Amino acid sequence: EPEVTQTPSHQVTQMGQEVILRCVPISNHLYFYWYRQILGQKVEFLVSFYNNEISEKSEIFDDQFSVERPDGSNFTLKIRSTKLEDSAMYFCASRELDSLQETQYFGPGTRLLVL
Amino acid sequence: DQQVKQNSPSLSVQEGRISILNCDYTNSMFDYFLWYKKYPAEGPTFLISISSIKDKNEDGRFTVFLNKSAKHLSLHIVPSQPGDSAVYFCAASGRGTGRRALTFGSGTRLQVQP
């Protein structure tokens, strides 16, 4: 069964460093998303991406964040200058183009720890 | 701003009995609802969904009920099995949300006792 994959599974970085989190969505999906979950809190929406551009972003997704689909398979989230409060699990999700199929499928996540 | 609420942080049931997990929402724009199961340090796994044009959807042991007038949905698991022990998240999306971005509840930890 097709699945969303994410790399790395864990990332430890120093405050102020740049990190890139990678995702490979399910191959026939055209909508892509990033969410995060800070320990003990809800899963929160960060950004949605369709047709090579951002569709919508939450207030969390400030200028330090960017997303890109550099090729036909990868979808990346970049944090330019990490802060301690960026420590969280980051989940990528994707869904089909079909408007009748709203289900988003999630990857296993990347655990980011900013020291 | 809790648009999706799961008021029970935990639930414990005996193996073979019914598990009922509840979820309330406040945003009238939500028209699609999903339940995800999550283990620690893993991503949410899709279980079952329901569109607002329906009031019930069933898939094997899992049934989701939607009461639009009460803005309430519930997930029934019958019979419950020890492997069902996990955190269950209710999520919702709707017109006007960013390309159908999901809004999640805070989760309910289900423990199924053998």
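Calculation rules
- Residues numbered from 1 in each chain as written.
- Chains lettered and ligands numbered in written order.
- Predicted model: local features only at pLDDT ≥ 70, side-chain atom pairs only at ≥ 80, totals over all residues.
- Heavy atoms only, no water.
- Helix = DSSP H or I, 4+ residues; strand = E, 2+ residues; numbered from the N terminus.
- Buried < 20%, exposed > 50% of the residue type's maximum accessible area, 1.4 Å probe, protein only.
- Contact = heavy atoms within 4.5 Å.
- Areas by Shrake-Rupley, 256 points an atom, 1.4 Å probe, with all protein chains shown as cover.
- Lys, Arg positive; Asp, Glu negative; His and termini not counted.
- Charge placed at Lys NZ, Arg CZ, Asp CG, Glu CD.
- Salt bridge = Lys/Arg side-chain N within 4 Å of Asp/Glu carboxyl O.
- Pairing = 2+ DSSP bridges.
- Axes fitted to C-alpha atoms, helices over the stretch in contact; angles between N-to-C directions.

(A) Just the overall build of chain B, in detail. A tally of helices and strands in chain B yields 0 helices and 11 strands. For the C-alpha atoms alone, the extent of chain B along its principal axes is close to 45 × 30 × 20 Å. Looking at chain B residue by residue over its 114 residues, the buried ones come to 48%. Here the analysis covers contacts within chain B between residues at least 6 apart in sequence; of these, 54% occur between residues at least 24 apart. Total accessible area computed for chain B in this model is approximately 5400 Å², and 47% of it derives from carbon and sulfur atoms. Seen as two clouds, the 13 positive and the 9 negative side-chain charges of chain B have centres 4 Å apart.

(B) Examining the pattern of salt bridges more closely. As enumerated under the stated definition, the model contains 3 salt bridges over all chains in all. The shortest N-O distance in the salt bridge between E44 of chain A and R36 of chain A comes to 3.3 Å. E44 of chain A sits in the partly exposed class, given a relative accessible area of 23%. Note on R36 of chain A: relative accessible area 10%, which makes it buried. Measuring nitrogen to oxygen at the nearest pair gives 4.0 Å for the salt bridge that ties K56 of chain B to E58 of chain B. The exposure class assigned to K56 of chain B is partly exposed, which follows from its relative accessible area of 42%.

(C) Expanded view of the sheet that holds strand β3 (residues 19-24) of chain A. Residue and element names in this part refer to chain A. An order of β1-β3-β8-β7 is seen for the 4 strands of this open sheet, with the pairing classed as antiparallel. Taken across any chain shown, the strands that pair with only one partner, and hence form the sheet edges, are β1 (5-7) and β7 (65-68). Averaged over all pairs of adjacent strands, the angle between their axes in this sheet comes to 20°, without regard to strand direction. For β1 and β3, the ladder comprises 3 bridges, and the chain directions are antiparallel. Directly across from T5, in β3, lies its bridge partner V24.

(D) Broad picture of the sheet that holds strand β3 (residues 19-25) of chain B. Residue and element names in this part refer to chain B. If you trace the 5 strands from one edge of the open sheet to the other, you get β1-β3-β8-β7-β6, paired in antiparallel fashion. Since the sheet does not close on itself, it has two edges, and those belong to β1 (4-5) and β6 (56-59), each with one partner. Where strand β7 (residues 62-67) meets strand β8 (residues 72-77), 6 bridges bridge the pair, whose relative direction is antiparallel. Along β8, the bridge assignment pairs V64 with L75.

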